[in-house]
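# Descriptive analysis of the structure
The primary structure of each chain is shown beneath.
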Amino acid sequence: MNRLGDLERAVMDVLWAQDEPLTVREVGRALADRDLAHTTVMTVLDRLAKKEVVSRDREGRAWRYRPAASRESYVSELMYDALGETGDRDAALAAFVRSMSGTEAEALRRALADADLDEPRT
């Protein structure tokens, strides 16, 4: 799973916030506070498509872009990959849990209670 740079994350935030696919121009307008050139937004979206983080469909002369996965799914894959790289998943998980706030720990407890933990992920 590829980690995203700052501008890529900003573009993905725009796409994740929408229910419909967006054109380069629409993404650029949503990022107007960054004062980006149209070609910069186009390049970022093209790179995200090549990384398979977004999918795109042709509509006339324009492409429409949408996230290939939900934000939650993307973050989950990043976390899973990071755990795999630690060499000691148990220690990494324990350190992660110790760093949580009470609210975050409660959210984790709820997620664990709701999860089907009978089948471990491979």
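An unreviewed UniProt entry lists the protein under the name CopY family transcriptional regulator, with Nocardiopsis gilva YIM 90087 given as the organism. According to the UniProt record, the Sequence similarities (unreviewed entry) comment for the protein reads "Belongs to the BlaI transcriptional regulatory family."

## Here's the deal with the domain arrangement of the protein
Accessible area lost during the coming together of the parts is what is often quoted as the interface size. Its domain assignment divides the protein into domain 1 (6–67) and domain 2 (71–114). Between the C-alpha centres of domain 1 and domain 2 there is a distance of 29 Å.

## Observations concerning unusual backbone geometry
Of note in the backbone geometry, aspartate 35 takes a positive phi value of approximately 55° without being a glycine. Among the secondary structure elements, aspartate 35 is positioned in the loop between helix H2 (24–30) and helix H3 (38–50).

## Overview of the nonpolar core
In this structure, Val11, Met12, Leu15, Val27, Leu45, Leu48 and Val54 are the most contacted members of the largest nonpolar core, which totals 20 residues. Looking at this core, the elements that each hand over two or more residues are helix H1 (6–16), H2 and H3. The element contributing the most residues to this core is H1, with six residues. Excluding residues within four positions of it along the chain, valine 27 makes contact with Val11, Val14, Leu15, Leu22, Val41 and Leu45.

Criteria and cut-off values
Residues numbered from 1 in each chain as written. Predicted model: local features only at pLDDT ≥ 70, side-chain atom pairs only at ≥ 80, totals over all residues. Heavy atoms only, no water. UniProt positions renumbered as here; feature names shortened; annotations may be inferred. Domains from an automatic or database assignment. Helix = DSSP H or I, 4+ residues; strand = E, 2+ residues; numbered from the N terminus. Core = buried A, V, L, I, M, F, W, Y, C linked by side-chain atoms within 4.5 Å. Buried < 20%, exposed > 50% of the residue type's maximum accessible area, 1.4 Å probe, protein only. Contact = heavy atoms within 4.5 Å.

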